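Overview (structure and organization)
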Amino acid sequence: MDSNSETYILEVENLWKVFAKDKIECNLYDAAAVGKLEAAGGVVAVRDISFKIKRGEVFVIMGLSGSGKSTLIRCIPRLIDPSSGRIMMNGDNVSEMDQEQLTEFRRTKAAMVFQHYGLLPHRTVLENVSFGLKLRGVEQKDREMKAEQAIEQVGLKGWEAHYPSQLSGGMQQRVGIARALVQETDLLLLDEPFSGLDPLIRREMQEELLRLQEQLHKTMVFVTHDLSEAVRLGDRMAVMKSGEFVQEGTPQEIIMHPADEYVQRFVQDEQKIALMMEQDNKPSNVRTLPVRSGGCSDKAVSGTRR
Ligand SMILES: Nc1ncnc2c1ncn2[C@@H]1O[C@H](COP(=O)(O)OP(=O)(O)OP(=O)(O)O)[C@@H](O)[C@H]1O
Ligand SMILES: [Mg+2]
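Throughout what follows, the structure given in this document is the object of discussion. (Residues numbered from 1 in each chain as written. Chains lettered and ligands numbered in written order. Predicted model: local features only at pLDDT ≥ 70, side-chain atom pairs only at ≥ 80, totals over all residues.)

1. So, the overall build of the protein
Scanning the protein for helices and strands turns up 13 helices and 10 strands. Sorting the 306 residues of the protein into buried and exposed places 39% on the buried side. In the protein, the share of contacts with a sequence separation of at least 24, taken over all contacts with a separation of at least 6, comes to 69%. (Helix = DSSP H or I, 4+ residues; strand = E, 2+ residues; numbered from the N terminus. Buried ≥ 20, exposed ≤ 12 C-beta atoms within 10 Å, placed from the backbone. Contact = placed C-beta atoms within 7 Å.)

Structural data, given as structure tokens:
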């Protein structure tokens, strides 16, 4: 293992995803050839993106609808196969895994939480949460014990025998999170998990995720449209536009120094709040956000992120 793979749990290098009818045979770094692909109806959803995430870090990807966030996060466990680029996880090359290795990778290394919870409607909460373990061949007693533990972690103890239709949206997403937690993966990939929830419940779920993170120290990639969610949850974040990262940094850096007009549009409300708080001599969230060097260990003591 080299020193990089000890520091970074996930490394994405020069990732491209082009949706096109035909096999892509051109050089993706030839702008004219990519232009031709696009003119012929191809969509460059992810364009030469590289980033690294440290163990225990929450990395947020933010951007407008269609900017490529879902494509990018789905490329990590190869739910979508990238057109080009390399994905390294804990020193293993995900890009080169065969189907069997990939299935194992998704079950044991990288769990995903989706916006639309995707629960099995005719299975109880307990069965939904333990289902992944069943697929892994874990014995019933063991999988139920682990599922019960995950259900308790997300605050749903007592609801094990209920069916998804008997739960509110927030509760269903708690099941979605428990289903990911029970896999005990280092990496959690969350694609707009709270976007379907109303604002109060959404806030509650964000706090719940922070509470869980203080206990579990997962590494997370979290996709959102919402800057306040990114600020609350992210150690670092990237702003995505037309398949590219236009800016990457801590939430504080991005809010205080937006790289261009697109980022400025996202952050202007947060900046106004920061200025108003300053004029009132109140400490604002933005100013007091700690500049992080990585990891999540100071989240508990900063007290400024919620
Ligand atoms: N299977 C597909 N075939 C063709 N084009 C696709 C496919 N999936 C996504 N795209 C296109 O790729 C681009 C990025 O889509 P993606 O879903 O990744 O965006 P997003 O940032 O997640 O958007 P949203 O915020 O609405 O979820 C869009 O132009 C979309 O139309
Ligand atoms: Mg999406």
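Picking up after the structure, the text goes on.
2. Quick word on the site of ligand 1
Surrounding ligand 1, one finds Phe19, Val43, Ala45, Gly63, Ser65, Gly66, Ser67, Gly68, Lys69, Ser70, Thr71 and His225. Those elements giving two or more residues to the shell around ligand 1 turn out to be strand E2 (43–54) and helix H3 (69–75). The biggest single contributor to the shell around ligand 1 is H3, with three residues. Looking at the shell around ligand 1, its residues break down into three nonpolar, eight polar and one charged. (Near = placed C-beta within 6 Å. Nonpolar A, V, L, I, M, F, W, Y, C, P; charged D, E, K, R; others polar.)

3. Examining the environment of Val231
Looking at the element boundaries, Val231 is found in helix H9 (residues 227–233). Judged by local crowding, Val231 falls into the buried class, with 22 C-beta atoms found within 10 Å. A C-alpha to C-alpha distance of 7.9 Å links Val231 and Gln252, two positions 21 residues apart in sequence.

4. What about the pairing of strand E8 (residues 219–224)?
Counting buried positions along E8 gives six out of six residues, so the element sits mostly inside the fold. Burial along E8 is two-sided: Thr219, Val221 and Val223 and Met220, Phe222 and Thr224, pointing in opposite directions, are all buried. Relative to E8, strand E3 (residues 58–63) is paired through five bridges, and the arrangement is parallel. Bridge pairing links Val58 to Met220 in E8. Bridge count between strand E7 (residues 187–191) and E8: five bridges; the pairing is parallel. Paired with Leu189 across the two strands is Val221, which belongs to E8. (Pairing = 2+ DSSP bridges.)

5. Remarks on the pairing of strand E1 (residues 8–19)
Here E1 lies mainly inside the structure; nine of its 12 residues are buried. Taken together, the eight bridges between E1 and E2 define a ladder with antiparallel strand orientation. Counted as the bridge partner of Leu10 is Ile53 from E2.

6. As for the sheet that holds E1
Pairing within the open sheet is antiparallel, and its four strands lie in the order E2-E1-E4-E5. Each end of this open sheet is capped by a strand with a single partner; those strands are E2 and strand E5 (92–93).

7. Describing helix H8 (residues 199–216)
The first and last C-alpha atoms of H8 sit 25 Å apart over 18 residues, in line with the 26 Å expected at 1.5 Å per residue. Listing the buried residues of H8 in full gives Arg202, Met205, Gln206, Leu209 and Gln213. Around the axis of H8, the buried residues are gathered within 105° of arc, so they sit on the same side. The exposed residues of H8 that point more than 90 degrees off its buried face are Leu200, Glu214 and Gln215. Where H8 ends, the next residue or the one after it, His217, has phi of about 50°, a positive value. (Expected span 1.5 Å × (residues − 1). Arc of directions from axis to C-beta.)

8. What about unusual backbone geometry?
Keep in mind that most residues, glycine aside, have a negative phi and that most peptide bonds are trans. Unusually for a residue other than glycine, Arg78 sits at a positive phi of about 60°. By the element assignment, Arg78 lies in the loop between H3 and strand E4 (84–89). Look at His217: it is not a glycine, yet its phi comes out positive at around 50°. Taking the number of C-beta atoms within 10 Å as the measure of exposure, His217 has 15 and is therefore partly exposed.

9. Some words on the sheet that holds E8
Read across the open sheet, the six strands follow the order E6-E7-E8-E3-E9-E10; overall the sheet is mixed. Looking along the sheet, the strands with just one partner apiece sit at the ends: strand E6 (110–113) and strand E10 (244–249). Pairwise comparison of adjacent strand axes, ignoring direction, gives a mean angle of 20° for this sheet. Strands in contact with helix H7 (residues 169–181) are E6 and E7; relative to E6, the strand with the most contacts, it is inclined by about 175°. (Axes fitted to C-alpha atoms, helices over the stretch in contact; angles between N-to-C directions.)

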